[in-house]
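One letter stands for each residue in the lines below.
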Amino acid sequence: MTQHSLGLYIRVVRPFKNHWVWRLHSEDRSISQRSERIVIMMLSKVWKLSRRPVGLPTIKDFTLVEEQVPPCQAGDVIVQAECLSVDPYMRNKAKILPLGSTMDGGQVARVIESKNAEWPVGSFMVTQAGWRCTTHLSLEKLQTTDFWQKSLQLPDMKGLPMSLGLGTLGMPGNTAYFGLTEILHPVAGETVLVSGAAGAVGNVVVQIAKIKGCKVIGFAGADDKVDWLREIGADHAFNYKKVKVGEALRQAAPEKINCYFDNVGGTFTAAVMPHMAFGGRVAVCGAISGYNKQEEEEEGAMTGCFKDSDVLWNCLRIRGFMFFEFADRWMEGLEQLRDWVLEGKLKYKEHVVNGFEKMPDTFIGVLKGDYRGKAVIVP
């Protein structure tokens, strides 16, 4: 039993899930009646970035700790993760996050304590709380105008799994939706190429392009992923590890490619460029081929994959984009995606992993291309 500076004695009574229950009582003889109350100190499991990854991350780059969760003050909420996301962009985040900080990432979370009328207890949100089980969100953070850090309401899921809020009905889904429809503007009958086509973003692009009446070519890195691409409607699907990209495109798209949704970059994209049609459009969404590289940009990486002559003589339009450009239309995209799912036009696949302790391993698996669809961790 420990004496507090205010004359209160603190005694640990028992642990309960992610809470510690403390019993405080006063021994101050000037107080005629002994007072006693229970104080709940909430703890959260948190994954920290403990070492800068070199190449493909390893489990030793991360450390699992427990942290005390601050108390809920006026305007604040405390949320508990229902499911957490791991995504390729986190590899770049690991290059710039201060060592010792919480790994960045999104989660679907349930409000377990609230002093904010907009977020009652039991409500759900998508929030960029990082790799942690329980999170204190201050009023200031809830009111942020930074869309990356903003806590967002889920759309009316109409019976669909809430975990879709991290995938098809979340950031990856809207990245696919707006990237295709607002950056590439495909027209029915055009040919659309998708790299990283079996990933959380790519598979949604494939299916929306088919909804729009396009011919779709998808590349992935495993035979089972190629099979799945065909299941969801791709007209041609290839394992890029088993074919030469240029030869595959000559066969599948003799008419050339009108729209290229690029999730990969690097030498893959360099091989695509000669097969772009006149006036073709390229949406640069990601460059996963280079995320684990430590050396200077190689030939065919982001700075070298767009050959001047291809871009110039074919009058190509190349546009990088980020999902938050469409913040003012966020719910519009999610509701359209949800309706397509409910109508059977848009299929989804999740790789669900049980256990918060498996966050780093699952993240590494994403970077290695081990999963189809969206990787989700249930703590």
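Since this is a predicted model, take the numbers as computed values, not measurements.

Analysis parameters
Residues numbered from 1 in each chain as written. Predicted model: local features only at pLDDT ≥ 70, side-chain atom pairs only at ≥ 80, totals over all residues. Heavy atoms only, no water. Phe/Tyr/Trp six-rings, centres within 6.5 Å; stacked < 30°, edge-to-face > 60°. Helix = DSSP H or I, 4+ residues; strand = E, 2+ residues; numbered from the N terminus. Buried < 20%, exposed > 50% of the residue type's maximum accessible area, 1.4 Å probe, protein only. 1 Å grid on protein atoms, 1.4 Å probe; cavity = no way out; pocket = protein on both sides within 12 Å on 5 of 7 lines; lining within 4 Å. Points joined across faces, edges and corners; volume = space filled by probe spheres on them. Nonpolar A, V, L, I, M, F, W, Y, C, P; charged D, E, K, R; others polar. Salt bridge = Lys/Arg side-chain N within 4 Å of Asp/Glu carboxyl O. Contact = heavy atoms within 4.5 Å. Pairing = 2+ DSSP bridges. Right-handed = clockwise from strand over helix to strand, strands pointing away. Axes fitted to C-alpha atoms, helices over the stretch in contact; angles between N-to-C directions.

Student: I'm lost on the packing of aromatic side chains in this one. Help?
Tutor: One pass over the full model with this rule turns up 15 aromatic pairs. Ring geometry for F261 against F321: centres 6.0 Å apart, planes inclined by 75°, an arrangement best described as edge-to-face. Residue F261 is found in strand β14 (residues 257–262), and its partner F321 is found in the loop between β16 (317–320) and α9 (330–342); the two are separated by 60 residues along the sequence. Here F261 and F321 have matching classes, each one buried.

Student: Quick question: what am I supposed to make of empty space enclosed by the protein here?
Tutor: Over the atoms, a rolling probe the size of a water molecule traces out where space has been left empty. Overall, the coordinates contain 2 cavities of 30 Å³ or more when judged by the stated rule. Space inside the largest cavity adds up to approximately 270 Å³. Looking at the largest cavity, it is lined by 23 residues, and the ones nearest its centre are G106, V126, Q128, M171 and W330. Elements with a minimum of two residues in the lining of the largest cavity: β8 (124–127), β10 (152–153), α3 (171–184) and α9. For the lining of the largest cavity, the residue count by class is 14 nonpolar, 7 polar and 2 charged. Its volume calculated, the second largest cavity comes out at about 40 Å³. As for the second largest cavity, its lining consists of L164, G167, T168, A200, N203, Y348, K349, E350, G373 and K374.

Student: Sorry if this is basic, but what is going on with unusual backbone geometry here?
Tutor: Of all residues except glycine, most have a negative phi; of all peptide bonds, most are trans. We note that K256 has phi near 80°; this positive angle belongs to a residue other than glycine. Within the element layout of this structure, K256 appears in the loop between α6 (245–252) and β14. In this structure, C315 is a non-glycine residue whose phi angle is positive, near 50°. Considering the arrangement of structural elements, one finds C315 in the loop between α8 (308–313) and β16.

Student: In this structure, what is going on with the pattern of salt bridges? I would like to understand it.
Tutor: Pairing between side chains of opposite charge can happen when the charged atoms of each approach one another. This structure, assessed with the given rule, holds 17 salt bridges. A salt bridge links K93 to D104; the shortest N-O distance between them is 3.6 Å. With a gap of 11 residues between them, K93 in helix α1 (residues 89–96) and D104 in the loop between α1 and β7 (107–114) connect regions that are remote in the sequence. Among the ionic pairs, R372 bridges to D224, the shortest N-O distance being 3.8 Å.

Student: Would you mind showing me how to read helix α4 (residues 202–211) here?
Tutor: Working note: α-helix, 3.6 residues per turn, so residues spaced by three or four point in the same direction. Counted residue by residue, α4 has 8 buried out of 10 residues, so it is predominantly covered. Along α4, the residues that are buried comprise G202, N203, V204, V205, V206, Q207, I208 and A209. Turning to α4, the residues buried within the fold contact α3, β11 (191–194), β12 (215–220), α5 (223–231), β14 and α9.

Student: Looking at this structure, I do not really get the pairing of strand β17 (residues 350–354). What am I missing?
Tutor: In this sheet, strand β18 (residues 374–378) lies alongside β17 in parallel orientation, the contact comprising 5 bridges. By the bridge assignment, E350 is partnered in β18 with K374. In this view, the connection linking β17 to its parallel neighbour β18 by way of helix α10 (residues 359–368) has right-handed handedness.

Student: What is the right way to read the sheet that holds β11 from this model?
Tutor: As a general point, the strands of a sheet are linked pairwise by backbone hydrogen bonds and lie either parallel or antiparallel. In spatial order, the strands read β13-β12-β11-β14-β15-β16; together these 6 strands make up an open sheet with parallel pairing. Whereas interior strands pair on both sides, the edge strands pair on one side only; in this sheet they are β13 (236–239) and β16. Strand-to-strand twist of the sheet, defined as the mean angle between neighbouring strand axes without regard to direction, takes the value 15°. The pairing of β11 with β14 spans 3 bridges and is parallel. By the bridge assignment, L193 is partnered in β14 with Y260. Packed on one face of the sheet, α6 meets β11, β12, β13 and β14 and runs near 160° to β12.

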